[in-house]
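One-letter residues, chain by chain:
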Amino acid sequence: MELETVAKALKELGHPTRLMIYKTIVRAGHQGTPVGGLQQKLAIPGSTLSHHITGLVSAGLLKQRREGRTLFCIAQYDQLQQVMDFLVDECCLDESQS
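Remember, predicted model here, so these are calculated numbers, not experimental data.

**Q** Explanation requested: helix H2 (residues 16–28) in the structure shown.
**A** An α-helical segment advances 3.6 residues per turn. Residues three or four places apart therefore align on the same side. Its 13 residues give H2 an end-to-end C-alpha distance of 19 Å, which sits within 8% of 18 Å, the value for a rise of 1.5 Å per residue. Buried within H2 we find Arg18, Ile21, Tyr22, Thr24 and Ile25. Down the axis, H2 shows its buried residues gathered within 160 degrees of arc, on one side only. Facing away from the buried surface of H2 by more than 90 degrees, the exposed residues are Pro16, Lys23 and Arg27. Just downstream of H2, Gly29 is the residue with a positive phi angle, here 85 degrees.

**Q** How do you make sense of the sheet that holds strand E2 (residues 62–67) when you look at a structure like this?
**A** Within a sheet, adjacent strands bond to each other through the backbone by hydrogen bonds, running parallel or antiparallel. Taken in spatial order, the three strands make up an open sheet running E1-E3-E2, and their pairing is antiparallel. Lying at the two open borders of the sheet, with one neighbouring strand each, are strand E1 (33–34) and E2. Bridge analysis of E1 against strand E3 (residues 70–75) gives two bridges, and the strand direction is antiparallel. Paired with Pro34 across the strands is Phe72, a residue of E3. Where H2 meets the sheet, its contacts fall on E1, E2 and E3, and the angle it forms with E3 comes to roughly 90 degrees. Of the strands in this sheet, E2 and E3 are in contact with helix H4 (residues 46–58), which crosses E2 at around 115 degrees.

Thresholds, definitions, all that
Residues numbered from 1 in each chain as written. Predicted model: local features only at pLDDT ≥ 70, side-chain atom pairs only at ≥ 80, totals over all residues. Heavy atoms only, no water. Helix = DSSP H or I, 4+ residues; strand = E, 2+ residues; numbered from the N terminus. Expected span 1.5 Å × (residues − 1). Buried < 20%, exposed > 50% of the residue type's maximum accessible area, 1.4 Å probe, protein only. Arc of directions from axis to C-beta. Pairing = 2+ DSSP bridges. Contact = heavy atoms within 4.5 Å. Axes fitted to C-alpha atoms, helices over the stretch in contact; angles between N-to-C directions.

Now the structure itself:
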């Protein structure tokens, strides 16, 4: 995974509101959660929620799926795992061996 991609994902997750949104979507599992339910649960104005979701989508951390009139947000667990793997990939490589 490229440094820029990881930096973008971490930037998006670094905002408290986006992190709260993302954690809520992750809790919903692979089926995702409807945006309307997310808005109600988190008590976030629609325009604000939309703004934050756009950032998470652009970082590849979320995808959206429409079913009729309902828009769902689905966490992209593979992308999250790649970000986490990037962070620990070289863990302790420079540690001196005694």
